Amino acid sequence: MTTDSTAGNGRRAVVAGAGRMGHGIALELARGGFHVSLYDAAAGRAEAAISEARVDAQDLVRAGVIADDEVNVVVGRLRAAETLADAADGADFGAEAVAEDLKVKQDVFAELDRLCPPPAILTSNTSSISISEIASGCAHPERVALAHWMLPPHLIPIVEIAPGEATDAVTINGLRELLESIDKQPVHIRKELPGYLMNRLQFALAREALSLIDKGVTTAEEIDVLIKGVLARRIPVLGIMRQADMAGLDVYRQIFTYLGPDLDASDEPPAFLEKAVAAGHTGAREGRGLFTWEAGEFERYVAARNDALIEALRKDRGG
């Protein structure tokens, strides 16, 4: 990564949706030199997002991505807009991070398509919805693509990119170049599919883990001990595909012949998950999910996660 916060000087971007993803995306675009206008339908949300971005900028200082005296410059490139039309005025790039609702996204993109003339690239941060469906009401669907940032966007360099059925190759190439110019690492998915790449891999693991809990084979605590003690130690070095090569594809083929049929293949949530949700035990924010969460524990885990991600960024930079 670079500390050059003047790269991309003069480019303008609009971010529609100023929640926990939107403000992080806006911060990264601003760090890369974009002048970013944030819009959110909720009154005061865009202004609050800029304050949150200023807090997150301190993480980038700790990671050595920007200097302390650059914070005001970077955050100064953010502004809150009262209307989407105001936010989109003169934008070269559009990023959408509104609710994961097809109709809401279609409405936003129809407006962005009208307000931001080509060749502006328009992107959705959806983690599951079809880009083709999102762009169905656009006059120029060829310039609409997936740019799925990972939470928290300012600390994770990876961004998934993927086309819809009508997306032009020029759009994907331009999106890749834009992301690389602001020090992000695009992972190109060649075609759209439900969940794209990150969520498909994440939920494949989660489905098996939840199934094993549902069957009484193990507990949530023991699964996390295993993941953190084994996979989380090997994957940063090897990934999972290089691990397969190192173990031997012949060995993997042999294991698949007897293990594959026994892996969970259900397309329904486990029974215990249905019961937990029905009882209101939906996770950390409610105080109970797979674990019992004490007051302040959620915030402590977020801080610990961010500390680890900051350290990873420092290592990326040779720090």
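Basis of the calculations
Position labels on residues start from 1 in each chain and follow its written sequence. Where local features are concerned, this predicted model is filtered to residues with pLDDT of at least 70; where side-chain atom pairs are given and counted, the filter is 80 or more; whole-chain, interface and lining totals use all residues. Here the side-chain values reflect all heavy atoms present in the structure, with hydrogen atoms and water set aside. A run of H or I in DSSP counts as a helix once it spans at least four residues, and a run of E counts as a strand once it spans at least two, with each numbered from the N terminus. For a compact globule the rule gives 2.2 Å times the number of residues to the power 0.38, and the radius of gyration it is set against comes from C-alpha atoms. Buried residues are those whose accessible area, probed at 1.4 Å on protein chains only, stays under 20% of the maximum for their type, while exposed residues exceed 50% and partly exposed ones sit between those limits. Residue contacts are counted whenever heavy atoms from the two residues lie within 4.5 Å of one another. Accessible surface area values rest on a Shrake-Rupley calculation with a 1.4 Å probe, where residue burial reflects the displayed protein chains alone. The positive count covers Lys and Arg only, the negative count covers Asp and Glu only, and His and the chain ends enter neither. Working definition for charges: the position is that of NZ of Lys, CZ of Arg, CG of Asp or CD of Glu. Whether two aromatic rings pair depends on their centres lying within 6.5 Å, for rings of Phe, Tyr and Trp, where Trp uses its six-membered ring; planes under 30 degrees apart make the pair stacked, over 60 edge-to-face, and the rest tilted. The salt bridge criterion pairs a side-chain nitrogen of Lys or Arg with a carboxyl oxygen of Asp or Glu, the two atoms within 4 Å.

K.L.:
Please explain the overall build of the chain as it appears in this structure.
P.N.:
Across its full length, the chain holds 13 helices and eight strands. On C-alpha atoms alone, the chain measures out to a radius of gyration of 21 Å, which is about the 20 Å that the 2.2 N^0.38 rule sets for 319 residues. Relative to its full complement of 319 residues, the chain shows a buried share of 39%. Excluding contacts between residues fewer than 6 apart, the proportion of contacts in the chain whose partners are at least 24 apart in sequence is 68%. Accessible surface for the chain amounts to roughly 17,100 Å². Of this, 56% is attributable to carbon and sulfur atoms. Here the chain contributes 33 positively and 48 negatively charged side chains, and the mean placements of these two sets differ by 4 Å.

K.L.:
Before we go on, may I ask you to explain the packing of aromatic side chains in this structure?
P.N.:
Working definition: an aromatic ring pair is given by the centre-to-centre distance plus the angle between the planes. Tallied over the full model, the rule gives two aromatic pairs. Ring geometry for Phe-34 and Phe-93: centres 6.3 Å apart, planes at 50°, overall tilted. You can see Phe-34 sitting in the loop between α1 (22-31) and β2 (35-39) and its partner Phe-93 sitting in strand β4 (residues 93-96), a full 59 residues away along the chain. For the pair Trp-293 and Tyr-301, a centre-to-centre distance of 5.5 Å together with 65° between the ring planes defines the contact as edge-to-face. Judged by its relative accessible area of 22%, Trp-293 falls in the partly exposed class.

K.L.:
When you look at unusual backbone geometry in this model, what are you seeing that I'm missing?
P.N.:
Across the junction of Pro-118 and Pro-119, the peptide omega takes the value 15°, indicating a cis bond. Looking at the element boundaries, Pro-119 is found in the loop between α5 (102-115) and β5 (121-124). Note that the residue after Leu-151, namely Pro-152, is joined by a cis bond; omega there is -5°. Positive phi, normally seen in glycine, also occurs at Asp-183, with a value near 70°. With respect to the helices and strands, Asp-183 occurs in the loop between α7 (169-181) and β8 (185-188). For Tyr-196, which is not glycine, the phi dihedral falls at a positive 55°. Following the sequence through the fold, Tyr-196 ends up in the loop between β8 and α8 (198-214). Residue classification places Tyr-196 among the buried positions, given a relative accessible area of 1%.

K.L.:
What's the story with the pattern of salt bridges in this structure? I'm lost.
P.N.:
Pairing between side chains of opposite charge can happen when the charged atoms of each approach one another. If you walk through the whole model with that rule in mind, you get 13 salt bridges. Across the salt bridge formed by Lys-105 and Glu-96, the nearest N and O atoms sit 2.4 Å from each other. On the accessibility criterion, Lys-105 (1% relative accessible area) is buried. According to the relative accessible area criterion, Glu-96 is buried, its value standing at 1%. One salt bridge in this structure joins Asp-113 and Arg-143, with 3.1 Å as the shortest N-O distance. Taken together, the residues Asp-113 in helix α5 and Arg-143 in the loop between α6 (131-134) and β6 (144-149) connect sequence positions 30 residues apart. For the pair formed by Asp-113 and Arg-143, the shared burial category is buried. A cluster of three or more residues bridged by salt bridges with shared partners is formed by Glu-28, Arg-31, Asp-183 and Lys-184.

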